[in-house]
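Spelled out from the first residue to the last, the chains are:
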Number of protein chains: 2
Amino acid sequence: MIQVLPVEGLPEVGEGDDVAALIAAAVELEDGDVVCVAHKIVSKAEGRVVDLAEIEPSEEARELAGPDGDPRRLEVVLREAVRVLRTRPPLVIAETRHGFVCASAGVDASNAPASDTVVLLPEDPDVSAARLRGALEERTGKTLGVVVTDTFGRAWRVGIANVAIGAAGIQVLHDLRGERDPAGYELHTTVIALADEIAAAAELAMGKTLRVPAAVVRGLDVAGEGTARALVMPPEQDLFR
Amino acid sequence: MIQVLPVEGLPEVGEGDDVAALIAAAVELEDGDVVCVAHKIVSKAEGRVVDLAEIEPSEEARELAGPDGDPRRLEVVLREAVRVLRTRPPLVIAETRHGFVCASAGVDASNAPASDTVVLLPEDPDVSAARLRGALEERTGKTLGVVVTDTFGRAWRVGIANVAIGAAGIQVLHDLRGERDPAGYELHTTVIALADEIAAAAELAMGKTLRVPAAVVRGLDVAGEGTARALVMPPEQDLFR
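Within each chain, residue numbers correspond to sequence positions counted from 1 in written order. Here chains are named by letter from A upward and ligands by number from 1 upward, in the order in which they appear as written. Residue-level local features of this predicted model are given only where pLDDT is at least 70; pairs of side-chain atoms are given and counted only at 80 or more, and the full residue set underlies all totals for whole chains, interfaces and linings.

A short note on the interface of chain A and chain B
Where interface size is quoted, it is often the accessible area lost as the parts come together.
Consideration 1: C-beta atoms are placed from the backbone for every residue, and two residues are taken to be in contact when these atoms lie within 7 Å. At the interface, 55 residues of chain A touch 55 residues of chain B.
Consideration 2: Helix numbers and strand numbers start at the N terminus; a helix is a DSSP run of H or I with at least 4 residues, a strand a run of E with at least 2. Secondary-structure elements contributing two or more residues to the side of chain A that touches chain B are β1 (2–6), β4 (81–88), β9 (157–168), β11 (191–192) and α6 (194–206) of chain A.
Consideration 3: Any two strands between which DSSP finds at least two bridges are classified as paired. Pairing of β1 of chain A with strand β1 (residues 2–6) of chain B, which is carried by three bridges, proceeds in the antiparallel orientation. By the bridge assignment for β1 of chain B, Val4 of chain A is matched with Ile2 of chain B.

As structure tokens, then:
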């Protein structure tokens, strides 16, 4: 049986805070647990917060903002983006330097520390995950996995879903290629995006407005050394880039 | 706490089988449980299986098959598709009549009853979910939700993830628009694809090759009357259609 436990009672996180210490104090971790953390608290701890008062928007940012958007926020989005895929002011779908395709290149105003600030994605979410895993394992003596998550929109489907943008200590993809189903048919195209499914399960316990920015998924058997970078479709294989 | 329980010991399902009876015999359901079922067993019970020996492939199907594909399978894909988005023989990304965008218009050879057959998506997966919910509730006396699932590839990301293609008895979208985060910022673009996250969580317990085509997600508070049709992005809002 798999369990998803919310990590409750975490305080508001600020720059320099020890996220591992806060999580370890809030929940009793067990060997094999996968700790899923909304990137927002990782980013805040890492100081990835931008004060919009210091941003001078470009002409392009003003255009993308349209009549309803904040051109300063769009300027930050453009700085975080390596490529803009689609725009419908003030909505921008962009590719980040990590290769993630998402709204606003991951720049987010919700759950930001102050009303005139925005939160960026971590510089390298796989490194953030590895650092958090190391600190949690050292503190607890348990063997753990960590997933850093964000909620992404999807092409063709309504709504956002939680996905893995950083990972450590887990298999990220479950590769069934070459295995056979019970009828002997080779499952030759089946690679499960395990880390994304773990992130989605965690979100069910997190709840965006409930100040539960972390959840533990327990009872999986997914130890490994994958990174979320492996979830980025290589451009040469991507039919939609 | 949320729990995900595999439904183990289900037999191979054939046309006309009573899926509700099989599931109710295999697991003790509780009020509020969301029963997630891989569409494959729903489709087989509904007779949505095609014998490839009876299919005469068109010229278009032969082209899409390329040197490695089965043109008869591609012919079935074309018949299930209302629109082809991308092709790289023998891979076809197509839109189904339900509005789902997925590989092979949902036509699948893995886990098919015989090596020369393919399984289609249910005619109307929301109707399948509602029927299964009704039968399970009647049999158990419990208030239940049902999600019919399939694993879909995603644009820009590697791997497939389980999503909801049919739903009954649950909220499918969790609409946070108008709610405020703890800092007072309005979460104006946040609609969580709850049913997809439930499907993803269920897949963690299902396992494609383990003959576990169903799982129960317990401990959610998601009763409602949504349908998976609501997860299809309306074409006029879709930036990627």
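A short note on the relation of the copies chain A and chain B
Consideration 1: The transformation that overlays chain A on chain B combines an axial shift of 0.0 Å with a rotation of 180 degrees, and the residual RMSD is 0.0 Å. Considering both components of the superposition, the chain copies are consistent with a two-fold axis.
Consideration 2: Residue by residue, 100% of the interface of chain A is reproduced at the interface of chain B, so both copies engage with the same surface. The least-squares superposition of copies is restricted to C-alpha atoms, and to residues with a pLDDT of at least 70 in both copies.

Focus on helix α4 (residues 71–80) of chain B
All names here are of chain B.
Consideration 1: Counting buried positions along α4 yields eight of 10 residues, so the element is predominantly enclosed.
Consideration 2: Turning to α4, its buried residues number three or more, namely Pro71, Arg72, Arg73, Leu74, Glu75, Val76, Val77 and Glu80.
Consideration 3: Against β3 (49–51), α3 (59–65), β4 (81–88), β5 (91–96) and β7 (117–119) lie the buried residues of α4. Exposed residues have 12 or fewer other C-beta atoms within 10 Å of their own C-beta, buried residues have 20 or more, and partly exposed residues fall in between, where C-beta atoms are placed from the backbone.

Digging into the packing of α6 of chain A against helix α6 (residues 194–206) of chain B
Consideration 1: Here an axis means a line fitted to C-alpha atoms, over the contact stretch when the element is a helix, while the angle between two N-to-C directions is reported on a 0 to 180 degree scale. α6 of chain B packs onto α6 of chain A with a crossing angle of 120 degrees between their chain directions and a minimal axis gap of 8 Å. With respect to each other, α6 of chain A and α6 of chain B are oriented oblique. Judged by the twist between their axes, the crossing of α6 of chain A over α6 of chain B is left-handed. Facing Glu197, Ile198, Ala200, Ala201, Glu203 and Leu204 of chain A of α6 of chain A, the residues of α6 of chain B in contact are Asp196, Glu197, Ile198, Ala200, Ala201, Glu203 and Leu204 of chain B.
Consideration 2: The residue inventory of the contact of α6 of chain A with α6 of chain B, partitioned by class, reads eight nonpolar, no polar and five charged. For classification, angles of less than 35 degrees are called roughly parallel, those exceeding 145 degrees roughly antiparallel, those between 65 and 115 degrees roughly perpendicular, and all remaining angles oblique. By convention, the crossing between two helices is left-handed when the near helix turns anticlockwise from the far helix through less than a right angle, and right-handed when the turn is clockwise. Ten residue types, Ala, Val, Leu, Ile, Met, Phe, Trp, Tyr, Cys and Pro, are classed as nonpolar, four, Asp, Glu, Lys and Arg, as charged, and the remainder, Gly among them, as polar.

Comments concerning the sheet that holds strand β6 (residues 101–103) of chain A
Residues and elements named next belong to chain A.
Consideration 1: Taken in spatial order, the three strands make up an open sheet running β4-β5-β6, and their pairing is antiparallel. Each end of this open sheet is capped by a strand with a single partner; those strands are β4 and β6. In this sheet, adjacent strand axes meet at a mean angle of 25 degrees when their direction is disregarded.
Consideration 2: Both β4 and strand β5 (residues 91–96) contribute to a ladder of six bridges, which runs antiparallel. Bridging from a neighbouring strand, Arg88 pairs with Leu91 of β5.
Consideration 3: Packing of helix α4 (residues 71–80) onto the sheet brings it into contact with β4 and β5, and relative to β5 it is tilted by some 25 degrees.

Concerning the domain arrangement of chain A
Residue and element names in this part refer to chain A.
Consideration 1: Segmentation into domains, and thus their bounds, comes from an automatic or database assignment. Taken domain by domain, chain A holds domain 1 (1–40 + 143–231) and domain 2 (49–120).
Consideration 2: Here domain 1 and domain 2 have C-alpha centroids that lie 26 Å from each other.
Consideration 3: Each partner contributes residues to the interface: domain 1 has six residues there, and domain 2 has seven residues.
Consideration 4: Among the elements that line the side of domain 1 that touches domain 2, the one with the most residues is strand β8 (residues 145–154), at three residues.
Consideration 5: Among the residues forming the side of domain 1 that touches domain 2, the class breakdown is two nonpolar, two polar and two charged.

Here's the deal with the confidence of the model for chain A
Consideration 1: Scored between 0 and 100, pLDDT is the confidence that the predictor attaches to each residue. Mean pLDDT over chain A works out to 93, with 93% of the residues at or above the 70 mark.
Consideration 2: Predicted complex, confidence summary: ipTM 0.95, pTM 0.95.

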